[in-house]
Amino acid sequence: FPEGPMEWKVHQAITFIGNHVHNLSHADLYSRLTLNTTASSVRHLAMSQGLITLLESNGETTVPEPLRIQLRRAYPNARLAQLKATGDFPYLSHPDEVTLFVEVHLR
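Per-chain numbering applies: the sequence of each chain, read as written, is numbered from 1 onward. Residues qualify for local features only when their pLDDT is at least 70, as the model is predicted, and side-chain atom pairs are given and counted only at 80 or more; totals for whole chains, interfaces and linings, by contrast, use all residues. Excluded from the side-chain calculation are hydrogens and water; included are all heavy atoms of the structure.

(A) Main features of the environment of Ala-81. Numbering of helices and strands starts at the N terminus; helices are DSSP runs of H or I of at least 4 residues and strands are runs of E of at least 2. Mapped onto the fold, Ala-81 is located in strand β2 (residues 79-86). Given a relative accessible area of 3%, Ala-81 falls into the buried group. Residues Ala-81 and Val-102, spaced 21 residues apart in sequence, show a C-alpha to C-alpha distance of 9.3 Å. Here, residues are in contact when the closest pair of their heavy atoms is within 4.5 Å. Among residues more than four places away in sequence, those in contact with Ala-81 are Thr-53, Leu-54, Leu-55, Glu-56 and Phe-101. In this scheme, a residue with accessible area under 20% of its type's maximum is buried, one over 50% is exposed, and one in between is partly exposed, where area comes from a 1.4 Å probe on protein chains only.

This is the structure:
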């Protein structure tokens with residue numbers, strides 16, 4: 001996780017996720033790590049890319065920039081919502097902003 005100065009809400013979100021992970025059973029942690037580290041891809045979605053919205057946090061995250069670029073290239077016609085929120089868990093640190101983008105997407 002990022003270190004150094006950060007917004008208080010981002011710090012709270014990281015702490016919440018850290019506590020949640022710490023309290024997982026061995027089996028749950030193993031299955032989540034396996035799911036996150038198994039190479040896989042989506043070949044074709046049977047839906048219009050116009051129905052997809054990619055949400056991206058602003059600033060430093062643990063998602064490498066090349067992966068963000070790869071995702072944008074995989075869905076070139078998807079909407080891109082660049083949040084003002086920073087960090088890896090904007091849905092926790094800035095739920096109002098994320099909710100607004102989701103509501104706009106659903107219209």
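From this point, things continue past the structure.
(B) Quick peek at the packing of aromatic side chains. Between 30 and 60 degrees the pair is tilted, below 30 it is stacked and above 60 it is edge-to-face, where a pair is any two Phe, Tyr or Trp rings, Trp via its six-membered ring, whose centres lie within 6.5 Å. Applying the stated criterion across every chain yields a total of one aromatic pair. Ring centres 6.3 Å apart and planes at 85 degrees place the aromatic pair Phe-89 and Tyr-91 in the edge-to-face group. Phe-89 sits in the buried class, given a relative accessible area of 14%. By relative accessible area, which is 47% here, Tyr-91 ends up partly exposed.

(C) Region of interest: the side chain of Asp-88. Among the structural elements, Asp-88 can be located in the loop between β2 and α4 (90-93). Counting rule applied: Lys, Arg positive; Asp, Glu negative; His and chain ends not counted. Should a side-chain nitrogen of Lys or Arg be within 4 Å of a carboxyl oxygen of Asp or Glu, the pair is scored as a salt bridge. The buried charged residue Asp-88 lacks any salt bridge partner; its closest oppositely charged side chain belongs to Arg-68, at an N-O distance of 6.5 Å. Think of a polar contact as two N or O atoms within 3.5 Å of one another; within protein, one of them needs to be a possible hydrogen donor and the other a possible acceptor, and neighboring residues in sequence only count if both atoms come from side chains. Polar side-chain contacts of Asp-88 include one of 2.8 Å to the backbone nitrogen of Thr-62.

(D) How the structure looks around the layout of surface pockets. A volume near 1400 Å³ is recorded for the largest pocket. For the lining of the largest pocket, the secondary-structure elements that each account for two or more residues are α1 (8-22), α2 (26-37), β1 (53-58), α3 (65-74) and α4. Residue polarity follows a fixed list, in which Ala, Val, Leu, Ile, Met, Phe, Trp, Tyr, Cys and Pro are nonpolar, Asp, Glu, Lys and Arg are charged, and the others, Gly among them, are polar. Of the residues in the lining of the largest pocket, the class split is 23 nonpolar, 12 polar and five charged. Detection works on a 1 Å grid of protein atoms alone, calling trapped sets that fit a 1.4 Å probe cavities and calling open sets with protein on both sides within 12 Å along at least five of seven lines pockets, with lining residues defined by an atom within 4 Å of a point. Grid points are joined across faces, edges and corners, and a volume is the space filled by probe spheres set on the points.

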